[in-house]
Amino acid sequence: MNYMEEDTVDLLELAKALWKNILAIALVAVIFGSAAFGYTAFLVKPVYKATASLYVNNSSFSLGTTNFSISTSELSASNSLVSVYIYILNSRTTMEDVIREAGLTYTPEKLSKMVSAKSVNATGAFEVTVTSTSPSEAELIANTIAKLLPDRIAEIVDGSSVRIVDYAIIPSHRSGPSMVKNTAIGILAGGLLAAAVVVVRFLTDDKSKLMIKSADELRELYPDVPVLAMIPDMRVSEKKNGYYSSYYGQTGKKGGQKNGGKQGA
């Protein structure tokens, strides 16, 4: 019977191999999780977010040569204005005005990457969020934008009216990176890596796939096949008696021979 005829994986044996190494897998997972926690806590600068809220309140306005009329029931039209106002917010001139007013040293491009804005559902309001490694700086930039943006919009869109709903406050908690999330990712990555090593070793193990090394293993794999003979170990060993044996001769010196000789006590 050819043992290499089939190339299959015994899932039960694989599960046993994983369970046998569960402590090692857990240890690697804990090590990776601890490393991720330490990296996040001590090597990565935390970032903070401050948010100011504004509301679009237009009864009529003109953009270029086109006139629009908006009632309070036409929130969809107000929402369309939000996208225009966000575009004005991210413009280079607006960023330069904010830098000058707040006394910042950023370039307009750098500041624009720190500022984001989005509409609030379909209410006609929008939020301006500033992300910074300094909580006080995030609050300063957000409130400077809230202060300057209505006038900046009024210069471009005739008849516009943007009102401040909420000023930003200094954030008391970091917004990222999340130590809990990164630690969980580290634990998961470590556990998966260790499990992958166990699986690879199981799949490439000669004992489990290609070679039978004992009669007991042969009987376990093929219980219906009788064992007729065993080939002795031909390797030299001084610690166990094999085909080569150690003995003491009449001279008292330790020696060896193949098939004969008096084996010593």
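Residues numbered from 1 in each chain as written. Predicted model: local features only at pLDDT ≥ 70, side-chain atom pairs only at ≥ 80, totals over all residues. Heavy atoms only, no water.

Quick notes on the overall build of the chain
(1) Moving on: In terms of regular secondary structure, the chain is built from 9 helices and 8 strands.
(2) Moving on: Buried residues in the chain amount to 28% of all 265 residues.
(3) Moving on: Look at the contacts in the chain between residues 6 or more apart in sequence, and 66% of them connect residues 24 or more apart.
(4) Moving on: Accessible area for the chain stands at about 18,100 Å²; split by element, carbon and sulfur atoms hold 58% of it. (Helix = DSSP H or I, 4+ residues; strand = E, 2+ residues; numbered from the N terminus. Buried < 20%, exposed > 50% of the residue type's maximum accessible area, 1.4 Å probe, protein only. Contact = heavy atoms within 4.5 Å. Areas by Shrake-Rupley, 256 points an atom, 1.4 Å probe, with all protein chains shown as cover.)

What to know about unusual backbone geometry
(1) Moving on: Of the consecutive residues Gly-176 and Pro-177, the connecting peptide bond is found in the cis state with omega at -10°.
(2) Moving on: Turning to its location among the elements, Pro-177 is positioned in the loop between β6 (162–166) and α7 (179–204).

Regarding the nonpolar core
(1) Moving on: Ranked by internal contacts, the top residues of the largest apolar core, which has 31 residues, are Tyr-85, Leu-111, Val-115, Phe-126, Ile-141 and Ile-145.
(2) Moving on: Of all elements in the fold, only β1 (48–56), α3 (75–89), α4 (92–102), α5 (108–114), β5 (125–132) and α6 (135–156) reach the threshold of two or more residues within this core.
(3) Moving on: At 7 residues, the largest contribution of residues to this core is made by α6.
(4) Moving on: Apart from the residues lying within four places of it in its own chain, the contact partners of Leu-111 are Met-95, Val-98, Ile-99, Leu-104, Tyr-106 and Ile-141.
(5) Moving on: Listed in part, the 6 residues of the second largest apolar core include Leu-14, Ala-17, Ala-194 and Phe-202. (Core = buried A, V, L, I, M, F, W, Y, C linked by side-chain atoms within 4.5 Å.)

Side note on the sheet that holds β6
(1) Moving on: Read across the sheet, 4 strands follow the order β4-β5-β1-β6 without closing on themselves; strand pairing throughout is antiparallel. In the strand order of this sheet, the two ends are held by β4 (115–119) and β6, each with one partner. If you compare each strand with its neighbour and ignore which way they point, the axes differ by 30° on average.
(2) Moving on: Sheet topology places β4 next to β5; 5 bridges connect them, and they run antiparallel. Bridging from a neighbouring strand, Val-115 pairs with Val-130 of β5. (Pairing = 2+ DSSP bridges. Axes fitted to C-alpha atoms, helices over the stretch in contact; angles between N-to-C directions.)

Some words on the pattern of salt bridges
(1) Moving on: According to the stated counting rule, one finds 6 salt bridges in the structure shown.
(2) Moving on: Salt-bridge contacts for Arg-100 lead to Asp-97; the nearest nitrogen and oxygen are separated by 2.5 Å. Pair noted here: Arg-100 and Asp-97 are both in helix α4, with a separation of 3 residues, about one helical turn.
(3) Moving on: Judged by relative accessible area, Arg-100 falls into the exposed class, the value being 60%.
(4) Moving on: A relative accessible area of 26% means that Asp-97 is categorised as partly exposed. (Salt bridge = Lys/Arg side-chain N within 4 Å of Asp/Glu carboxyl O.)

Describing the environment of His-173
(1) Moving on: Within the secondary structure, His-173 sits in the loop between β6 and α7.
(2) Moving on: The exposure class assigned to His-173 is exposed, which follows from its relative accessible area of 63%.
(3) Moving on: Distance from His-173 to Pro-135, taken between C-alpha atoms, is 8.7 Å for residues 38 residues apart in sequence.

Some thoughts on the packing of helix α1 (residues 11–20) against α7
(1) Moving on: Closest axis-to-axis distance for the α1/α7 pair is 10 Å, and the angle between their directions is 130°. Regarding the angle of α1 to α7, the classification is oblique. For the crossing formed where α1 meets α7, the hand is right-handed. On α7, the residues that touch Glu-13, Leu-14, Ala-17 and Leu-18 of α1 are Ala-195, Val-198, Val-199 and Phe-202.
(2) Moving on: Residue classes in the contact of α1 with α7 are distributed as 7 nonpolar, no polar and 1 charged. (Parallel < 35°, antiparallel > 145°, perpendicular 65-115°, else oblique. Left-handed = near helix turned anticlockwise from the far one by under 90°. Nonpolar A, V, L, I, M, F, W, Y, C, P; charged D, E, K, R; others polar.)

Observations concerning a nonpolar patch on the surface
(1) Moving on: Together, Leu-27, Ile-31, Phe-32, Leu-193 and Val-197 make up a nonpolar patch on the protein surface, roughly 460 Å² of accessible area in all.
(2) Moving on: Elements that contribute at least two residues to the nonpolar patch include exactly α2 (22–43) and α7.
(3) Moving on: With 3 residues, α2 is the largest single contributor of residues to the nonpolar patch.
(4) Moving on: Within the secondary structure, Ile-31 sits in helix α2. (Patch = residues over 30% accessible without salt bridge, like charges linked within 9 Å, V, L, I, M, F, W, Y side chains within 5 Å.)

Some details on the environment of Thr-107
(1) Moving on: With respect to the helices and strands, Thr-107 occurs in the loop between α4 and α5.
(2) Moving on: The class for Thr-107 is partly exposed, based on a relative accessible area of 42%.
(3) Moving on: Taking the C-alpha atoms as reference, Thr-107 lies 8.4 Å from Met-95; in sequence the two are 12 residues apart.

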